[in-house]
Amino acid sequence: RDDDDINDVASMAGVNLNEESARIMATNSDLVGTQIQSCKDEPFLAAIPLHKRILETAKKLGITDVPAEVVTFISHATQNRLRTVIEKVTVITQHRMESYKDDEWYEQATDVRSQLKFFEQLERLEKQRKDEQEREILLKAAKSRSRQEDPEQARLKQKAKEMQQQELAQMRQRDANLTALAAIGPRKKRKLDAPGLLTVGGEGAGLCAGSQAGLGAASPRQYPRQKITRVNLRDFIFYMEQEREMSRSLLLYRALLK
């Protein structure tokens with residue numbers, strides 16, 4: 001008995017094995033009696049069409065038998081490859097959508113949008129100037145009262161008459177629109193954030209909140225908006241240009257032609 005007390009390290013440390021076992025069983029009681037087994041290995045692609053496709057390719061190389069393990073392996077490899085492509089293209093799209101306007105470490109060097117607006121404004125002013133010149137020429141031709149008119153003068157008079165009729169029709173249409181807007185009155189915005197108002201399919205439908213939540217006002221449900229990453233063809237083209245095995249492929253050439 002003395003030898004047992006000396007060799008019993010747990011007792012010397014003041015640890016009761018029975019209490020520790022009971023505590024462990026109580027902590028992991030939900031795992032006691034459960035059976036853990038591996039999940040069924042389900043292929044990512046349809047096995048029968050994939051097997052036929054592999055056999056067609058294998059027969060060209062002189063292979064007549066392809067086991068089922070090869071089909072499963074190719075299916076998993078396709079799934080892994082597709083996952084890798086989607087992850088990389090998603091990162092490319094996120095980088096494209098990043099905005100550095102508010103970043104203190106970046107400063108704007110060029111503003112292409114403002115430049116395009118400036119050129120559009122110049123083109124609009126130039127077109128307006130040409131229209132004014134043409135209008136003056138037509139008005140002069142319409143006011144001329146020469147007895148001997150050449151065909152060009154007659155054509156200018158007819159064009160000036162058509163321009164005046166078109167301007168008169170536009171003025172009438174503008175006056176009719178202003179009269180209709182004045183009759184309708186100012187538009188009132190619907191209060192979509194009011195308590196007890198539910199928006200379904202873009203139309204507001206008033207629901208009585210007191211029938212379900214008593215006399216208190218029911219707060220509108222706040223659904224978290226899921227962030228959507230939209231990948232376009234330009235992102236795929238950029239991805240294929242960076243990949244070594246796809247940078248000179250026929251698929252990249254076809255994508256560039258679209």
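Bear in mind that the values here come from a model prediction, so they are computed numbers and not experimental data. (Residues numbered from 1 in each chain as written. Predicted model: local features only at pLDDT ≥ 70, side-chain atom pairs only at ≥ 80, totals over all residues. Heavy atoms only, no water.)

Chemist: Can you help me understand the overall build of the chain in this one?
Modeler: The helix and strand inventory of the chain stands at 10 helices and two strands. When the helices and strands of the chain are placed in sequence order, the string is α-α-α-α-α-α-α-β-β-α-α-α. Split into buried and exposed, the 258 residues of the chain put 10% on the buried side. Contacts in the chain between residues far apart in sequence, at least 24 positions, make up 43% of those at least 6 positions apart. (Helix = DSSP H or I, 4+ residues; strand = E, 2+ residues; numbered from the N terminus. Buried < 20%, exposed > 50% of the residue type's maximum accessible area, 1.4 Å probe, protein only. Contact = heavy atoms within 4.5 Å.)

Chemist: Is there a simple way to explain the side chain of Ser75 in this structure?
Modeler: Structurally, Ser75 can be placed in helix H5 (residues 68-97). Among the polar contacts listed, one links the side chain of Ser75 to the backbone nitrogen of Phe44, at a separation of 2.7 Å. In contact with Ser75, not counting residues within four places along its chain, are Pro43, Phe44, Leu45 and Leu50. (Polar contact = N/O pair within 3.5 Å; in protein donor to acceptor, adjacent residues only side chain to side chain.)

Chemist: Could you clarify how one ought to interpret the packing of helix H4 (residues 47-60) against H5 in this entry?
Modeler: Axis angle and axis distance: for two packed helices, these are the angle between their axes and the distance between the axes, and together they describe the pair. One can describe the packing of H4 onto H5 by two numbers: an axis separation of 10 Å at closest approach and a directional angle of 105°. When the interaxial angle is binned, H4 and H5 end up roughly perpendicular. Together, Ala47, Leu50, His51 and Ile54 of H4 and Val71, Ile74 and Ser75 of H5 make up the contact between the two elements. Classifying every residue of the contact of H4 with H5 gives five nonpolar, two polar and no charged. (Axes fitted to C-alpha atoms, helices over the stretch in contact; angles between N-to-C directions. Parallel < 35°, antiparallel > 145°, perpendicular 65-115°, else oblique. Nonpolar A, V, L, I, M, F, W, Y, C, P; charged D, E, K, R; others polar.)

Chemist: Teacher, can you tell me more about the nonpolar core here?
Modeler: One broad rule of soluble globular proteins: the nonpolar side chains tend to lie buried together. Counting nine residues, the largest nonpolar core is built from Val85, Val89, Ile92, Ile237, Tyr239, Met240, Met246, Leu252 and Ala255. Looking at this core, the elements with two or more residues in it are H5, helix H9 (233-242) and helix H10 (250-257). Ignoring any residue separated from it by four or fewer positions in sequence, one finds Ile92 in contact with Asp235, Phe238 and Tyr239. (Core = buried A, V, L, I, M, F, W, Y, C linked by side-chain atoms within 4.5 Å.)

Chemist: Just to check I follow, could you spell out the environment of Ala47 for this structure?
Modeler: Looking at where Ala47 falls in the secondary structure, it is placed in helix H4. In this structure, the C-alpha to C-alpha distance between Ala47 and Ala68, residues 21 residues apart in sequence, is 8.5 Å.

Chemist: Please explain the packing of H9 against H10 as it appears in this structure.
Modeler: Where H9 meets H10, the axes come as close as 10 Å, and the angle between the chain directions of the two elements is 150°. Judged by the twist between their axes, the crossing of H9 over H10 is left-handed. Between H9 and H10, the residues in contact are Leu233, Ile237, Met240 and Glu241 and Leu251, Leu252, Ala255 and Leu256, respectively. Among the residues making up the contact of H9 with H10, the classes are represented as seven nonpolar, no polar and one charged. (Left-handed = near helix turned anticlockwise from the far one by under 90°.)

Chemist: Explanation requested: the pattern of salt bridges in the structure shown.
Modeler: Oppositely charged side chains can pair when the atoms bearing their charge come close. Tallied over the entire structure, the rule returns seven salt bridges. Here Glu134 makes a salt bridge to Lys159, at a shortest N to O gap of 2.9 Å. Taken together, the residues span a long stretch of sequence, with Glu134 in helix H6 (residues 112-143) and Lys159 in helix H7 (residues 151-184) at a distance of 25 residues. By relative accessible area, Lys159 is classed as partly exposed at 34%. (Salt bridge = Lys/Arg side-chain N within 4 Å of Asp/Glu carboxyl O.)

Chemist: Honestly, the layout of surface pockets in this entry has me stumped. Any pointers?
Modeler: Rolling a probe over the atoms, with the probe sized like a water molecule, indicates the empty space that remains. A volume near 290 Å³ is recorded for the second largest pocket. By residue class, the composition of the lining of the second largest pocket is three nonpolar, three polar and five charged. (1 Å grid on protein atoms, 1.4 Å probe; cavity = no way out; pocket = protein on both sides within 12 Å on 5 of 7 lines; lining within 4 Å. Points joined across faces, edges and corners; volume = space filled by probe spheres on them.)

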